[in-house]
Amino acid sequence: MNDTPWLSAIIPNYNDSRLLPRAISALASQDPPPAEIIVVDDGSTDDSLTVIERLRLETPSLKLLRNERNLGVIPTLNRGLAAARGRYVYLGSANDSVAPGFFAIARRMLEAHPDCGFFSAECRIVDGTGREVAVRPPARPAQRPVCVPPHRVPALLRRIDNVFPSSSVVLRRAAAEEAGGLDPALISFADGYLMRAVALRHGFCFAPMIGANWTIDTSGASLTTASRADIALVVLKTAQAKMREDPHFPPSYLDLFEGRWRFGAGRVNAGADRSTLRALAPVVAPGPTEAAAWRLLALVPGRAGRLVRLVWLTLRFRPFALSAIAATQFARLLEKGRTPGQTKDQGDCP
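Values in this document were obtained by computation on a predicted structure and should not be read as measured data.

Rules used throughout
- Residues numbered from 1 in each chain as written.
- Predicted model: local features only at pLDDT ≥ 70, side-chain atom pairs only at ≥ 80, totals over all residues.
- Heavy atoms only, no water.
- Helix = DSSP H or I, 4+ residues; strand = E, 2+ residues; numbered from the N terminus.
- Expected span 1.5 Å × (residues − 1).
- Buried < 20%, exposed > 50% of the residue type's maximum accessible area, 1.4 Å probe, protein only.
- 1 Å grid on protein atoms, 1.4 Å probe; cavity = no way out; pocket = protein on both sides within 12 Å on 5 of 7 lines; lining within 4 Å.
- Points joined across faces, edges and corners; volume = space filled by probe spheres on them.
- Nonpolar A, V, L, I, M, F, W, Y, C, P; charged D, E, K, R; others polar.
- Axes fitted to C-alpha atoms, helices over the stretch in contact; angles between N-to-C directions.
- Parallel < 35°, antiparallel > 145°, perpendicular 65-115°, else oblique.
- Left-handed = near helix turned anticlockwise from the far one by under 90°.
- Contact = heavy atoms within 4.5 Å.
- Pairing = 2+ DSSP bridges.

Focus: helix 10 (residues 251-268)
Taking 1.5 Å of rise per residue, the 18 residues of helix 10 would be expected to cover 26 Å, and the 27 Å separating its terminal C-alpha atoms lies within 8% of that figure. Buried within helix 10 are the following residues: Tyr253, Leu254, Phe257, Gly259, Arg260, Trp261, Arg262, Phe263, Gly264, Ala265 and Gly266.

Below you can see the structure in the form of structure tokens.
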């Protein structure tokens, strides 16, 4: 183990040459930095290869792999995972920039809790101008650094979900491989499924700090999946089938997951145009009465329409414990102005 590099950072790239320098610089500036940064180019047609070659001169740990043709994000990440040598792996993207102190705290907590499957932090979502849009997860697992053992993960998932933003996760590579890695059939949910599978097997560490900034890409896989009813339904059914086959997933979680998945697709598209909203009816309103109500709500224009659709979705699916969201928002208000990563607490494992 002493000869194993501590961390491999994997960045898939497809025509993101303008974003790559920021993402690579943020990784290389960490203390400690990754032992290797693997950029897997997915058949880019812009000047990405030229930019990557220039970055390799500045960052000796940077390695380049090339797909001869465009394969998609998950096969590209899997190629990087197969090449990675690190004890831990970070699955990033050109849209991500890790925050100062992120890897230091991840390493400290994972080494303090060697049975945990990964370290997770928070992710700041920003638009193209750098303006903060949101912070994820909407509800934290805890308000202080903590190790959540596997036997407590089912109760956590009953209260809240989507608590592991992949941009702010450092995975123990062996745990990720044991859980089956990234399934291309799950498209944009492949990483989300993997985090849940690892957490249910090994537990996870968490610290309430910004681990990364994620720049919204309207053409990205996650938004594309959510806005296409046919794709969203296929991914939902595929994920549920995998959960049924995996004894670590509690049977009661499947119905909760379905409601949250449908809510998420509706939330992301609550402000979309009328035709997109109507096309989403099979996802967010599976029954005939619900579908009729959704089609009526799709007629309400502007911000008022988005608001009433969000209220309807929340009342219909009740996706999260409101107390958990309120506690997180209150804690974040109290923490305004705190420098990320200043905590020395490694957390406990109750």
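Next comes the rest of the write-up.
A few points about empty space enclosed by the protein
Inspection of the entire model under this criterion finds 1 cavity of 30 Å³ or more. The computed volume of the largest cavity comes to approximately 30 Å³. Every residue lining the largest cavity is listed: Ile11, Ala23, Leu27, Tyr90, Ser93, Asp96, Ser97 and Val98. Looking at the lining of the largest cavity, the elements with two or more residues in it are helix 1 (20-28) and strand 5 (96-98). Examining the composition of the lining of the largest cavity, we find that 3 residues originate from one element, strand 5, more than from any other. Residues of the lining of the largest cavity, tallied by class, amount to 5 nonpolar, 2 polar and 1 charged.

Thoughts on the packing of helix 13 (residues 288-297) against helix 14 (residues 302-317)
Their axes nearest at 10 Å, the elements helix 13 and helix 14 cross at an angle of 160°. It follows from the interaxial angle that helix 13 and helix 14 lie roughly antiparallel. Read as a crossing pair, helix 13 and helix 14 show a hand that is left-handed. Seen from helix 13, the contacting residues are Glu290, Ala293, Trp294 and Leu297; seen from helix 14, they are Val308, Arg309, Trp312, Leu313 and Arg316. Here the residues of the contact of helix 13 with helix 14 are counted per class, giving 6 nonpolar, no polar and 3 charged.

Points about the pairing of strand 4 (residues 88-91)
Residues Tyr88 and Tyr90 line one face of strand 4 and the alternating positions Val89 and Leu91 line the opposite face, and both faces are buried. Bridging between strand 1 (residues 7-13) and strand 4 involves 4 bridges; their strand directions are parallel. Its bridge partner being in strand 4, Ile10 is matched across the sheet by Leu91. The pairing of strand 4 with strand 9 (residues 169-172) spans 3 bridges and is classified as antiparallel. Directly across from Val89, in strand 9, lies its bridge partner Leu171.

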